[in-house]
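Chain and residue survey
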Amino acid sequence: MTDTPRDLAQTSNAWPFAEARAVAKRVGGKVPDKGYVLFETGYGPSGLPHIGTFGEVARTAMVRHAFEVLTGLPTRLIAFSDDMDGLRKVPDNIPNRDMVAKHLGKPLTAVPDPFGTHESFGHHNNARLRSFLDHFGFDYAFKSSTDSYRGGDFDAVLLRLLENYDAVMAVMLPTLGQERRATYSPFLPLCPRTGQVLQVPLLETRPDDGTIIYADPDTGEKIETPVTGGHCKLQWKPDWAMRWTALGVDYEMAGKDLIDSVKQSSKICRVLGGRPPEGFSYELFLDERGEKISKSKGNGLAVEEWLAYAPPESLSLFMFNKPKTAKRLYFDVIPKAVDEYLAHLEAYPRQDPRKRIDNPAWHIHAGQPPREAAHLSYNILLNLASVCHSEDHAVLWHYISRYAPEASPETAPTLDRLVGCAINYYRDFVKPRKAYRAPGSGEAAALADLAAVLEGLPEGAPAVDIQTEIYEVGKRHPDTFPDLKDWFRALYQILLGQDQGPRMGSFIALYGRVETLALIRRALAGEDLSA
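**Side note on the overall build of the protein chain**
Helices and strands together make up the secondary structure of the protein chain, namely 24 helices and 12 strands. Projected onto its principal axes, the C-alpha coordinates of the protein chain cover approximately 95 × 60 × 40 Å. Here the protein chain, with 531 residues, has 53% of them falling under the buried criterion. Taking all contacts inside the protein chain whose residues are at least 6 apart in sequence as the whole, residues at least 24 apart take part in 68%. Accessible surface computed for the protein chain: about 23500 Å², of which carbon and sulfur atoms make up 48%. Of the charged side chains in the protein chain, 61 are positive and 69 negative; the average position of the first set lies 4 Å away from that of the second.

**Examining the packing of aromatic side chains**
Per the stated rule, a full pass over the model turns up 22 aromatic pairs. Between the aromatic rings of Trp306 and Phe318, the centroid separation amounts to 5.7 Å while the plane-to-plane angle is 55 degrees, which identifies the pairing as tilted. Within this pair, whereas Trp306 is found in helix α12 (residues 303-309), its partner Phe318 is found in helix α13 (residues 312-320), the two being separated by 12 residues in sequence. Taken individually, Trp306 and Phe318 each receive the classification buried, so the pair is uniform in this respect. On the numbers, 4.7 Å between centres and 35 degrees between planes, the contact of Phe331 with Phe429 is tilted. On the criterion of sequence distance, the pair formed by Phe331 in the loop between β12 (327-328) and α14 (334-347) and Phe429 in helix α19 (residues 413-430) is long-range, its members being 98 residues apart. A residue is classified by how much of its surface remains accessible, and Phe331, at 21% relative accessible area, is partly exposed. We classify Phe429 as buried; its relative accessible area is 13%. Taken together, Tyr309, Phe331, Tyr378, Tyr425 and Phe429 form an aromatic cluster joined through their ring pairs. Of note, Lys327 hangs over the ring of Phe318, and the distance from its end group to the ring centre comes to 4.4 Å. Its end group placed over the ring of Tyr348, Arg356 keeps NZ or CZ at 4.9 Å from the ring centre.

**Observations concerning the pattern of salt bridges**
This model, assessed by the stated rule, comprises 31 salt bridges. The salt bridge partner of Asp250 is Arg26, with a shortest N-O separation of 3.1 Å. Of the two residues, Asp250 sits in the loop between α10 (236-247) and β9 (254-255) while Arg26 sits in helix α2 (residues 15-27), which places them 224 residues apart along the sequence. Note on accessibility: Asp250 and Arg26 belong to one class, buried. Between Lys34 and Asp250 there is a salt bridge, with its nearest N and O atoms 2.9 Å apart. Taken together, the residues span a long stretch of sequence, with Lys34 in the loop between α2 and β1 (37-43) and Asp250 in the loop between α10 and β9 at a distance of 216 residues.

**Side note on the environment of Leu529**
Relative to the assigned elements, Leu529 resides in the segment after α24 (513-524). Spatially, the C-alpha atoms of Leu529 and Ala435 are 9.6 Å apart, while their sequence positions differ by 94 residues. Sequence-distant contacts of Leu529, that is, excluding residues within four places in its chain, are made with His389, Tyr436, Ile494, Leu495, Leu519, Arg522 and Ala523.

**Quick look at the sheet that holds β1**
Across the sheet, 3 strands lie side by side as β1-β2-β3; this open sheet has parallel pairing. Sheet topology places β1 and β3 (141-144) at the edges, where each strand pairs with a single neighbour. Neighbour to neighbour, the strand axes of the sheet diverge by 30 degrees on average, direction disregarded. Relative to strand β2 (residues 75-81), β1 runs parallel, the two sharing 7 bridges.

**Here we look at α13**
Judged by how many residues are buried, α13 sits mostly within the fold: 9 of 9 residues are covered. Along α13, the residues classified as buried are Pro312, Glu313, Ser314, Leu315, Ser316, Leu317, Phe318, Met319 and Phe320. Taken from the residues just after α13, Lys322 is the one with a positive phi, measuring 40 degrees.

**As for the packing of helix α20 (residues 441-456) against helix α22 (residues 484-496)**
Running from N to C, α20 and α22 point in directions that differ by 85 degrees, and their axes come no closer than 11 Å. Compared by their axis directions, α20 and α22 come out roughly perpendicular. Residues Glu443, Ala446, Leu447 and Leu450 of α20 form the contact with α22, whose own contacting residues are Trp487, Ala490, Leu491 and Ile494. Of the residues belonging to the contact of α20 with α22, the class tally is 7 nonpolar, no polar and 1 charged.

**Quick look at the sheet that holds strand β6 (residues 211-215)**
The strands making up a sheet associate through hydrogen bonds between their backbones, and the pairing can be parallel or antiparallel. Across the sheet, 3 strands lie side by side as β5-β6-β7; this open sheet has antiparallel pairing. The open sheet is flanked by β5 (202-206) and β7 (222-226), the only strands paired with a single partner. Averaged over all pairs of adjacent strands, the angle between their axes in this sheet comes to 20 degrees, without regard to strand direction. Note: β6 against β7, 5 bridges, orientation antiparallel. By the bridge assignment, Ile212 is partnered in β7 with Thr225.

**Details of the side chain of Thr516**
Note that Thr516 resides in helix α24. Thr516 sits in the buried class, given a relative accessible area of 2%. Contacts of Thr516, omitting those with residues within four sequence positions, involve Leu454, Ile508 and Tyr511.

**Things to note about helix α23 (residues 504-511)**
Most of α23 is tucked away, with 7 of its 8 residues classed as buried. On the buried face of α23, the contacting elements are α17 (378-388), α18 (393-403), α20, α21 (463-475), α22 and α24. Positive backbone phi, approximately 115 degrees, marks Gly512, located one or two places after α23.

**A few points about the side chain of Arg59**
Relative to the helices and strands, Arg59 is located in helix α3 (residues 51-71). Although Arg59 lies buried, it forms no salt bridge, and the closest oppositely charged side chain, Glu56, sits 7.6 Å away as judged by the N-O distance. A polar side-chain atom of Arg59 sits 2.7 Å from the main-chain carbonyl oxygen of Met319.

Cut-off values and rules
Residues numbered from 1 in each chain as written. Predicted model: local features only at pLDDT ≥ 70, side-chain atom pairs only at ≥ 80, totals over all residues. Heavy atoms only, no water. Helix = DSSP H or I, 4+ residues; strand = E, 2+ residues; numbered from the N terminus. Buried < 20%, exposed > 50% of the residue type's maximum accessible area, 1.4 Å probe, protein only. Contact = heavy atoms within 4.5 Å. Areas by Shrake-Rupley, 256 points an atom, 1.4 Å probe, with all protein chains shown as cover. Lys, Arg positive; Asp, Glu negative; His and termini not counted. Charge placed at Lys NZ, Arg CZ, Asp CG, Glu CD. Phe/Tyr/Trp six-rings, centres within 6.5 Å; stacked < 30°, edge-to-face > 60°. Lys NZ or Arg CZ within 6 Å of the ring centre and 35° of its normal. Salt bridge = Lys/Arg side-chain N within 4 Å of Asp/Glu carboxyl O. Pairing = 2+ DSSP bridges. Axes fitted to C-alpha atoms, helices over the stretch in contact; angles between N-to-C directions. Parallel < 35°, antiparallel > 145°, perpendicular 65-115°, else oblique. Nonpolar A, V, L, I, M, F, W, Y, C, P; charged D, E, K, R; others polar. Polar contact = N/O pair within 3.5 Å; in protein donor to acceptor, adjacent residues only side chain to side chain.

Structure below.
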């Protein structure tokens, strides 16, 4: 076997290729009649977007690219917004909640925007979604449920569902409680009087006329309305099935909490003459308390919050890693995610082709990871900002340029972005938590020993040599540090004001031998290192 990406994709262990192979088997190596293989992601814009929402798009895009490499077939990615859903409750984390409460039950695209920036609340949240996708450079087509219903895109399949009404009800009714079964209908008419999406039982279906008849819940008046042209929408499980059928969706993933919903929608899709898409169930994101992230609660990170502290590629890595494992998603995970991304990026050029195609950086960058010298870890930059007590971009670059003279903001744009992110994270999360302590007597003796060692090292000593010497100092003080982890923890607490930190050899090489000596002497003199 040769080492072309297409050949390597056949046996790659990376999960996007496993998914791509399932889609390839589905289409049988042929372009579907619609002219492309369709990947879809769904978005419910009832609350402000959070990262979990966008993770589905990032992961689907990875599978799409893997499929293109594997098959060479044309593809399309649709980001579909269920913006015709009725607003069931007012989210906790929006302004003007009293105003929004007056429009409960109306389609999201008929609810005024509480932020006052868009045509409706649905349009506002759609814009947030599109802004995120554009920021990541995704190649996608945005599709609105409201536009699709009103524009007639779904009319043919809606009429088919009306013709197969009893078969669809046979799928749904066994999944519902007794009370819900008595009033359930897959069709939700839009009330011409109030504009609300109504959940009402149907009095009659008229497939020959393409209409349904229901009673106005307030007046009791019998109303006949078409199921087409945006006069009705569907309950979400039949809606999902209808959309798969109308658009010819070939791949869509969903959260683990929707496993049963996928099964029911798949059955309805077959009733409608469609073929359910391929896909897999991913685990959900949790907040720092281990609770499920919710759009309406707003207990997850907003996209803007992550991007204030880390480059977008680190977020893509968070989505790539173990998609079938539940993961906590909160501010403290950001430094680790960034450093893992940098490690994958740095390893990529040294890897053989088979390893490269499994490297997360390959999937994050659609097969073209950037190459840039002078990588420094995020944690090192955080600690540099911390020990310098500086939020000044130029101050950090002064040390970086001395450590790596070939690097500059112009020649190392990835590093430059990282400096800005690290400064923001230091300011908001590290600085408020810093708590220096004075060394004990045994610790003071070890610090004095370290200072003497650093004085004897040549200027420009490599980080690995400095790290070795630090280890040796710790070993020479076994009564104080029976475990060398205690030695490094003492260095972090005394010199950096925190419980954890970077490889000290790398940090000293960056910060400077002379500057580190001055820091140690200040600590031994009992000075306040927070100043």
